[in-house]
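# Architecture and fold: a report
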Amino acid sequence: MSSLALYRRYRPETFAEVIGQEHVTVPLMQALRNNRVNHAYLFSGPRGCGKTTSARILARCLNCEQGPTPTPCGECQSCRDLARNGPGSIDVIEIDAASHGGVDDARDLREKAFFGPASSRYKIYIIDEAHMVTSAGFNALLKVVEEPPEHLKFIFATTEPEKVIGTIRSRTHHYPFRLVPPGTLRDYLGEVCGREGAKVEDGVLPLVVRAGAGSVRDSMSVMDQLLAGAADDGVTYAMATSLLGYTEGSLLDSVIDAFAAGDGAAAFEVVDRVVEGGNDPRRFVADLLERLRDLVILAAVPDAGEKGLIDAPADVVERMQAQASVFGAAELSRAADLVNTGLTEMRGATSPRLQLELICARVLLPAAFDDERSFQARLDRLERSGAAAFAAGPVAVPPAMGYVPGPEAHAMAPAGPGGGAAAARAAAQAPAAVPSPAPVAAPEPVRAPAQPEAPVQAAPPAAAAAAPTTPAPGAWPGAAQPGSGAPGARPAAAAASPGAWPSAAAPGQGVPAPAPAAPAPAAQAQAPAASAAPSPGMAAGAGQVQAMWPGVLEAVKNRRRFTWILLSQNAQVTGFDGTTLQLGFPNAGARDNFASSGSEDVLKAVLAEQFQVNWKIDAVVGGGSPGPVQSSPPYGAPAAHAPAPAYSPPPPPQAPAPSAPGPQYQQPQQSQQSATAPQPPVQQAPPPVAPEDDVPEEDDPDLVESALTGHDLIVRELGATVVEEYTNE
């Protein structure tokens, strides 16, 4: 095995062997074919990209006996002298300007330049590191570079072309060299390792390319170092990471998993392992930023590995794809920005470990910041938790006060996207004959609907079995049919409707909103038709959302009052398929107002924050109410002002107890229900109340003195700007 360095053993001898510089080699080869060779050239670019090598190849092409030619013959004396391991030619002079850049060296070169070549066609000067030549030295060379003899050629090579004076640059053909692309360099290194007969693991070459930073010479030097220290099993990934100082992949995987799970203990444990293992915290942060970059690319382009956007082995790409799938786009972007900022702050820091721990703390705590990126990261987490909850099955929602479901309510709850709403609907459809496990008062017949103070009682079993259970389209949800397993007696002003969906209460409260005892005539007229023939498709799941719609509206009201007014007065739930919530509006203007005012985003945020769901919103025209809901009288108004119902149920008997009804009571009611299928009076949740009709009650909560009013409220809700203020005296 030769002791010559790897980059010297495989130095290119023709332009065809130069990799990654086709934008330079192709024009030069064409100029040689056309015999239009200039008297001076300037090669510039980063170190190790082929400037000096290309200058030697150009000199070899010019002095070949068959030249000027783009492909040297390799057999003539000049080609053999300028070969890879040749002795060199007396007519090709290489000068290191770093040590020969003064004016005296320039004068000496000028005096010798006028002598003709000894045995070749041209006398060629290759001036390396030309930016080190002083201004006086360049000025001394200016005349000979501008008007050289026909046998004289100049080739300047530099990494800083801007330091070459303009009078010299203007008299040369400038060819800028570039860094070699990672894919091209990785393939070339694999070819070199194959020629050397060395075993190299898959993850090693990307590390070498990264260490070389696009420089062929630097990459070849790193590869030579790894091959020199390789054992019988070849160059392993562990050996390369430890020797090159890169962070082990398992540490990066651990800290990424900790960020995804929000596990601070695991993240700080990784920091301790990094420091105690002797790794440089700055290098770890740089590697972490590189990993986050790969995750951002994979989140946007799932097949980034196949397209070459990520330079990593297949197993590493697969592992990163799994990591990217548990993050949101905002989370990844925010984490990458924080790590990038922390890496900048770590330069010159006296305690790198402290800076690293602060970076991890910032990434783990998006709630500690009030900027837009942190808010989006929190939304990503909420959406991810909601999706996980739906994938796991029905969510166990604690029942509201006074709600005691029977055994059949849990047995009939289907698993799937229905969640708690499906369980509540199953509880409402349970047979009334099953006794409730909670102790209740003695049942009494349902009283007349004109008595709002009377407690709601369970209806006879026959009436409960024949009454439809599906709410009418557009009706305000929140009430269940009598006999659905609800408590027997409960004050109507302080408790929810029997069997009502627990989440119909306002956010932050444990009990549902109070429901008026007045019946809803419009809902009663539409409920039998809707329950008798449920519509297919999305309309089949509308009842699930209608049960929780009052709670949604209450949460929207706390978030943005404009959106609450728009939804309560113009929209109704018309369909739901598990992932998409369809809202119907009476006209296109209301729908466009909903879409353009940002109300859709407000509704999505409320659903994600209060109910942990990530539903799509589909606003359609048709099915919405043209104005405020009029199915029940205003909240707090007496029942006498309600409109006349389309159907008046017969007054129930007062004397007999419902536990042992006589045949004379059951038979007429059954025959009448089979003919007309009326629905008993249903208590409903209060509709939205206009501000002028909102009368305070004794049990209303106290006003929050810190709430926004006046100017601040208008600016926050409507985005207004104060133009001028007038003082009324």
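The text that follows walks through the structure, step by step, so that each part is easy to find. Quick caveat, the model's predicted, so the values are computed rather than measured.

## A closer look at the side chain of Lys123
- Counting through the fold element by element, Lys123 comes out in strand E3 (residues 123-128).
- With no salt bridge to any partner, buried Lys123 finds its closest opposite charge in Asp91, at an N-O distance of 6.3 Å.
- Once residues lying within four places of it in the same chain are set aside, the contact partners of Lys123 are Asp91, Ile93, Lys112, Phe115, Gly116, Pro117, His151, Leu152 and Lys153.

## Details of the nonpolar core
- One finds Phe259, Phe284, Leu288, Leu292 and Val339 to be the most contacted residues of the largest nonpolar core, which totals 37 residues.
- Elements represented by at least two residues in this core include exactly helix H12 (249-261), helix H13 (264-276), helix H14 (281-300), helix H16 (314-325), helix H17 (329-345) and helix H18 (352-364).
- Apart from the residues within four sequence positions on either side, Leu288 is in contact with Leu252, Val255, Ile256, Phe259 and Val339.
- By size, the runner-up hydrophobic cluster in this structure holds 26 residues, among which are Phe576, Leu581, Phe585 and Phe594.

## Overview of the packing of aromatic side chains
- Within this structure, the stated rule accounts for eight aromatic pairs.
- Consider the rings of Phe43 and Tyr175, whose centres lie 6.1 Å apart with planes at 75°: the pair is edge-to-face. Placement of Phe43 in strand E1 (residues 40-44) and of Tyr175 in strand E5 (residues 173-176) is noted, with a sequence separation of 132 residues between them. Neither residue differs from the other here; Phe43 and Tyr175 are each classed as buried.
- Three or more aromatic residues joined by ring pairs form one cluster here, namely Tyr41, Phe43, Tyr175 and Phe177.
- Just above the ring of Trp564 sits the side chain of Lys557; from NZ or CZ to the centre is 4.7 Å.

## Some thoughts on a nonpolar patch on the surface
- Among the surface-exposed residues, Phe562, Ile714 and Leu718 lie close enough to one another that they form a single nonpolar patch of about 280 Å² accessible area.
- Along the chain, Ile714 turns up in helix H29 (residues 710-718).
- Here Ile714 falls in the partly exposed class, since its relative accessible area comes to 44%.

## A short note on the pattern of salt bridges
- Counted under the stated rule, the structure contains 21 salt bridges.
- With a shortest N-O distance of 2.8 Å, Glu191 and Arg195 are connected by a salt bridge. With Glu191 and Arg195 both in helix H8 (residues 182-196) and four residues apart, this pair spans about one turn of that helix.
- Taking relative accessible area as the criterion, Glu191 reaches 40% and is therefore assigned partly exposed.
- Since its relative accessible area comes to 54%, Arg195 is described here as exposed.
- Across the pair Glu600 and Lys604 runs a salt bridge whose closest N-O atoms are separated by 3.6 Å. With Glu600 and Lys604 both in helix H27 (residues 599-610) and four residues apart, this pair spans about one turn of that helix.

About the cut-offs
- Residues numbered from 1 in each chain as written.
- Predicted model: local features only at pLDDT ≥ 70, side-chain atom pairs only at ≥ 80, totals over all residues.
- Heavy atoms only, no water.
- Helix = DSSP H or I, 4+ residues; strand = E, 2+ residues; numbered from the N terminus.
- Buried < 20%, exposed > 50% of the residue type's maximum accessible area, 1.4 Å probe, protein only.
- Lys, Arg positive; Asp, Glu negative; His and termini not counted.
- Salt bridge = Lys/Arg side-chain N within 4 Å of Asp/Glu carboxyl O.
- Contact = heavy atoms within 4.5 Å.
- Core = buried A, V, L, I, M, F, W, Y, C linked by side-chain atoms within 4.5 Å.
- Phe/Tyr/Trp six-rings, centres within 6.5 Å; stacked < 30°, edge-to-face > 60°.
- Lys NZ or Arg CZ within 6 Å of the ring centre and 35° of its normal.
- Patch = residues over 30% accessible without salt bridge, like charges linked within 9 Å, V, L, I, M, F, W, Y side chains within 5 Å.
- Areas by Shrake-Rupley, 256 points an atom, 1.4 Å probe, with all protein chains shown as cover.

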